Amino acid sequence: MDTLPEQDIVWRSHWLQQALAERPDLAPALDGEQRADVCIVGGGYLGLWTAIRLKEQRPELDIVLLERDICGGGPSGRNSGMLLSAWAKFSALASLRGEEEALRLVKLSREAVDGIESFCRENGIDCWFDRVGWIWGATCPAQRGAWDDALNRLARHDYAPARPVTREEIAALTGSTRHLAGVLDETAATIHPGFLARGLRQVALNRRIRIHEKSAMRRFSRSGQLVVETAHGRVRTGKLILAMNAWSGAVPELAPAIFNIASDDAVSTPMPEKLASVGYSRGPLMIDSRVFVAGYRVTRDGRLNVGVTGGNIGFGGIVDRRFDQPSSRVDDMRRALRDGHPALADFTLASAWSGPIDRTASGLPLFGHLPGNPDILYGYGFSGNGIGMTYMGGHVLASLALGLENHWAGCALVRPVTRGFPPEPFRFIGAHFVRGAVRRRDQLEHDGRKPDPITTWLAKLAPSGVTPSKANIQAQ
């Protein structure tokens with residue numbers, strides 16, 4: 001294997017810099033022509049889980065995985081490391097195929113948290129898995145009850161994934177009195193995104209999956225012999241699986257369902273004494289109920305990780321350099337902390353970065369066969385909480401590729417691509433108007449002021465992200 005060039009990691013996330021410092025090897029780029037039973041495009045969590053699941057089902061399969069950058073170099077290695085089940089999206093799931101199917105998927109997403117923990121333990125991946133729990137809270141009166149719709153509907157099925165917590169309980173767990181109320185899901189966990197991504201990569205290599213990094217797909221055939229082309233090579237394959245996350249917008253058949261918007265994260269320098277002094281050395285991860293959610297948590301090595309959504313917007317499926325550079329939104333993160341945990345807002349910055357989210361209108365991913373060819377499959381649209389959903393997605397895509405008739409291949413997340421947003425350039429222009437309205441609404445509500453009718457209407461057009469806000473719920 002080659003060694004990863006030093007200049008290639010200058011703008012990488014903190015997680016990837018830590019992971020690559022321990023193992024900087026780079027799989028060789030595709031060169032020449034190869035044949036495979038299955039070719040997977042995308043070396044993030046979804047592509048890697050899918051490859052691993054295929055090998056578990058059919059060890060004899062010859063699998064090639066192509067990654068445009070390095071495995072985990074996209075959102076898989078840039079996220080906030082918050083591993084949540086999907087109960088907050090119950091209403092969106094129910095809209096696909098009813099409440100019984102939604103409940104089944106919520107329970108499967110809960111099992112995914114345990115599944116990731118078990119897989120990592122069995123395969124020697126130290127991804128810093130820590131079941132600290134998750135508080136979904138309100139940092140102003142207008143955010144109270146954002147969780148009620150999901151919990152009330154789940155209660156009718158005798159399922160209670162979270163319990164209410166008071167301001168005083170939140171303060172005891174986190175040291176902050178700024179959250180007025182919330183709910184606690186004790187099954188949620190945090191992980192180190194870089195160690196998980198690179199650990200899955202190593203498992204795939206150990207199982208004789210051929211990985212080629214720095215091998216961006218330029219085109220693929222849609223009929224006859226399936227051929228995937230890169231700058232210096234071609235793969236002839238029986239099955240093609242597109243697991244490209246935000247880069248799915250470059251595929252015309254997939255583009256209508258998503259638009260790309262940035263999420264921004266930062267980590268502090270190690271500050272264990274500060275965290276201990278404010279009562280947050282290890283507590284639950286925290287998320288507020290903004291439309292563009294903000295969240296924070298602590299890491300194993302005593303750092304603060306804070307993230308905000310609603311950043312740069314992509315045009316026409318292009319993931320440009322604005323998504324691949326140090327974040328310019330550290331001030332926004334500090335403002336979010338002043339609302340949620342002001343004692344931490346003056347953290348000393350170690351690193352800040354940005355990454356694209358392939359957001360769907362429903363906030364749910366979709367999987368299926370590309371129209372016209374059952375041998376080409378897709379999976380994308382994770383909308384900000386994809387760690388657990390990609391684990392599930394690996395099962396779904398492997399089942400579809402193998403033609404299995406099971407609960408994964410038949411789940412409600414398997415569905416055709418439908419247009420969730422207007423075509424360009426209206427999508428790009430409209431997204432800016434909606435983003436501006438959401439930011440105004442969030443700030444006005446925190447100031448105790450009522451947004452004007454136009455701002456309120458525009459903000460309701462924003463799709464669900466990590467969790468549905470009250471504005472999302474009211475728009476349904």
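Here, the structure is the one placed above.
Before going into details, it helps to say that this report is about the structure given with it.

Calculation criteria
- The numbering scheme is per chain: residues are counted from 1 as the chain's sequence reads.
- Reporting in this predicted model follows two pLDDT cut-offs: at least 70 for local features of residues, and 80 or more for side-chain atom pairs to be given and counted; totals over whole chains, interfaces and linings ignore these cut-offs and use all residues.
- Side-chain figures throughout are based on the complete set of non-hydrogen atoms in the structure, without hydrogens or water.
- The criterion for an aromatic pair is that two Phe, Tyr or Trp rings (for Trp, the six-membered ring) have centres within 6.5 Å, with stacked assigned to planes under 30 degrees apart, edge-to-face to planes over 60 apart and tilted to the rest.
- Starting at the N terminus, helices and strands are each numbered in turn, a helix being any DSSP run of H or I of at least four residues and a strand any DSSP run of E of at least two.
- Classification of residues uses two cut-offs on accessible area relative to the type maximum, computed with a 1.4 Å probe and protein chains only: under 20% is buried, over 50% is exposed, and between them is partly exposed.
- In this analysis an axis means a line fitted to C-alpha atoms, helices contributing only their contacting stretch, and an angle means the value between N-to-C directions, from 0 to 180 degrees.
- The cut-offs work like this: below 35 degrees is roughly parallel, past 145 is roughly antiparallel, 65 to 115 is roughly perpendicular, and the gaps in between are oblique.
- Definitions for this section: a left-handed crossing has its near helix turned counterclockwise from the far helix by less than a right angle. A right-handed crossing has that turn clockwise.
- The contact criterion used is simple: two residues touch if any of their non-hydrogen atoms lie within 4.5 Å.
- Residues are grouped as follows: Ala, Val, Leu, Ile, Met, Phe, Trp, Tyr, Cys and Pro are nonpolar; Asp, Glu, Lys and Arg are charged; all remaining types, including Gly, are polar.
- We count a salt bridge whenever a side-chain nitrogen from Lys or Arg sits within 4 Å of a carboxyl oxygen from Asp or Glu.
- The pairing criterion for strands is at least two bridges between them, as found by DSSP.
- Throughout this description, the term nonpolar core refers to a set of buried Ala, Val, Leu, Ile, Met, Phe, Trp, Tyr and Cys residues connected via side-chain atoms within 4.5 Å.
- Here a polar contact means two N or O atoms within 3.5 Å. Within protein one must be a hydrogen donor candidate and the other an acceptor candidate, and residues neighboring in sequence count only if both atoms are side-chain atoms.
- When charges are counted, Lys and Arg are positive and Asp and Glu negative, with His and the chain ends excluded.

### Description of the packing of aromatic side chains
In step 1: For the structure on display, the rule yields 13 aromatic pairs.
In step 2: On the numbers, 5.5 Å between centres and 40° between planes, the contact of Trp87 with Trp134 is tilted. Taken together, the residues span a long stretch of sequence, with Trp87 in the loop between β5 (82–83) and α3 (90–97) and Trp134 in strand β6 (residues 134–138) at a distance of 47 residues.
In step 3: The class of Trp134 is buried, set by a relative accessible area of 1%.
In step 4: Here Phe259 and Phe421 contribute two aromatic rings whose centre-to-centre distance is 5.0 Å and whose plane-to-plane angle is 80°, an arrangement assigned as edge-to-face. With Phe259 in strand β14 (residues 258–268) and Phe421 in the loop between α10 (386–401) and α11 (426–446), this pair connects stretches of sequence that are 162 residues apart.
In step 5: Under the relative-accessibility criterion, Phe259 is labelled buried at 10%.
In step 6: A residue is classified by how much of its surface remains accessible, and Phe421, at 12% relative accessible area, is buried.
In step 7: Among the aromatic residues, ring-to-ring pairing joins Trp87, Trp134, Trp136 and Trp147 into one connected group.

### Some thoughts on the packing of α3 against helix α4 (residues 99–122)
Working note: a packed helix pair is described by the angle between its axes plus the distance between those axes.
In step 1: Orientation of α3 relative to α4, taken along the N-to-C sense of each, is 130°, at an axis distance of 7 Å. On the basis of the axis angle, α3 is oblique to α4. At the point where α3 passes α4, the crossing takes the right-handed sense. Residues Phe90, Leu93, Ala94 and Arg97 of α3 form the contact with α4, whose participating residues are Glu99, Glu101, Ala102, Leu103, Leu105 and Val106.
In step 2: For the contact of α3 with α4, the residue count by class is 7 nonpolar, no polar and 3 charged.

### Comments concerning helix α1 (residues 14–22)
In step 1: Within α1, burial applies to His14, Trp15, Leu16, Gln18, Ala19 and Leu20.
In step 2: Summarising the contacts, the buried residues of α1 are in contact with α7 (193–206), β14, β16 (294–298), β17 (304–313) and β18 (349–360).

### Some thoughts on the pattern of salt bridges
Think of it this way: side chains of opposite charge can pair up when their charged atoms draw near.
In step 1: For the structure shown, the criterion picks out 36 salt bridges.
In step 2: A salt bridge links Arg321 to Asp324; its shortest N-O distance comes to 3.2 Å.
In step 3: Classification of Asp324 by relative accessible area gives partly exposed; the value is 27%.
In step 4: Between Arg335 and Asp332 there is a salt bridge, with its nearest N and O atoms 2.1 Å apart. Of this pair, Arg335 and Asp332 both sit in helix α9 (residues 330–340), 3 residues apart, which is roughly one turn of that helix.
In step 5: The class for Asp332 is partly exposed, based on a relative accessible area of 23%.
In step 6: Among the charged side chains, a salt-bridge network with shared partners connects Arg23, Asp25, Arg198, Arg201 and Glu213.

### Some details on the sheet that holds β18
Sheet strands pair via backbone hydrogen bonds, and the direction of the pair is either parallel or antiparallel.
In step 1: An order of β7-β8-β6-β15-β16-β17-β14-β18 is seen for the 8 strands of this open sheet, with the pairing classed as mixed. Each edge of the sheet is formed by a strand with only one pairing partner; in this case those strands are β7 (163–166) and β18. On average, adjacent strands in this sheet sit at an angle of 25° to one another, irrespective of strand direction.
In step 2: Relative to strand β8 (residues 181–185), β6 runs antiparallel, the two being bridged by 5 bridges. By the bridge assignment for β8, Trp134 is matched with Asp185.

### A closer look at the nonpolar core
In step 1: By size, the foremost hydrophobic cluster in this structure holds 87 residues, and its most contacted members are Ile40, Leu54, Trp87, Trp134, Trp147 and Leu200.
In step 2: Per element, the largest residue contribution to this core is 10 residues, and it comes from α4.
In step 3: Those residues in contact with Leu200 that lie beyond four places of it in its chain are Tyr45, Leu48, Trp49, Ile52, Phe119 and Ile125.
In step 4: Leu30, Val41, Ile258 and Ala262 belong to the second largest nonpolar core, which has 28 residues in total.

### Observations regarding the pairing of strand β19 (residues 366–369)
In step 1: The sheet contact formed by β19 and strand β20 (residues 376–380) spans 4 bridges and is antiparallel. Bridging from a neighbouring strand, Phe367 pairs with Gly379 of β20.
In step 2: Turn length for the β19-β20 hairpin, with the two strands adjacent in sequence and antiparallel, is 6 residues, and the turn residue Gly372 shows positive phi of about 95°.

### Considerations on unusual backbone geometry
In step 1: Here Glu424 and Pro425 are connected by a cis peptide whose omega angle stands at 5°.
In step 2: Counting through the fold element by element, Pro425 comes out in the loop between α10 and α11.

### A few points about the side chain of Thr187
In step 1: Within the secondary structure, Thr187 sits in the loop between β8 and β9 (189–190).
In step 2: Here Asp185 takes part through its side chain, which lies 2.7 Å from a polar atom of the side chain of Thr187.
In step 3: Leave out the neighbours within four places in its chain, and Thr187 touches Arg110, Val113 and Arg131.

### Regarding the environment of Ser95
In step 1: As for its position among the elements, Ser95 is in helix α3.
In step 2: For the pair Ser95 and Leu240, spaced 145 residues apart in sequence, the C-alpha separation works out to 29 Å.
In step 3: Among the polar contacts listed, one links the side chain of Ser95 to the backbone oxygen of Ala92, at a separation of 2.6 Å.

### Some details on the side chain of Arg435
In step 1: For Arg435, the position within the fold is in helix α11.
In step 2: Buried Arg435, no salt bridge; nearest opposite-charge side chain is Asp264, N-O distance 8.3 Å.
In step 3: At 2.7 Å, the side chain of Arg435 and the backbone oxygen of Gly311 are in polar contact.
In step 4: Not counting chain neighbours up to four residues away, the residues in contact with Arg435 comprise Phe292, Gly310, Gly311, Asn312 and Ile313.

### A word on the environment of Ser85
In step 1: For Ser85, the position within the fold is in the loop between β5 and α3.
In step 2: Exposure remark for Ser85: the relative accessible area of 7% places this residue in the buried category.
In step 3: Not counting residues up to four positions away in its chain, the partners in contact with Ser85 are Ser109, Arg110, Val113 and Asp185.

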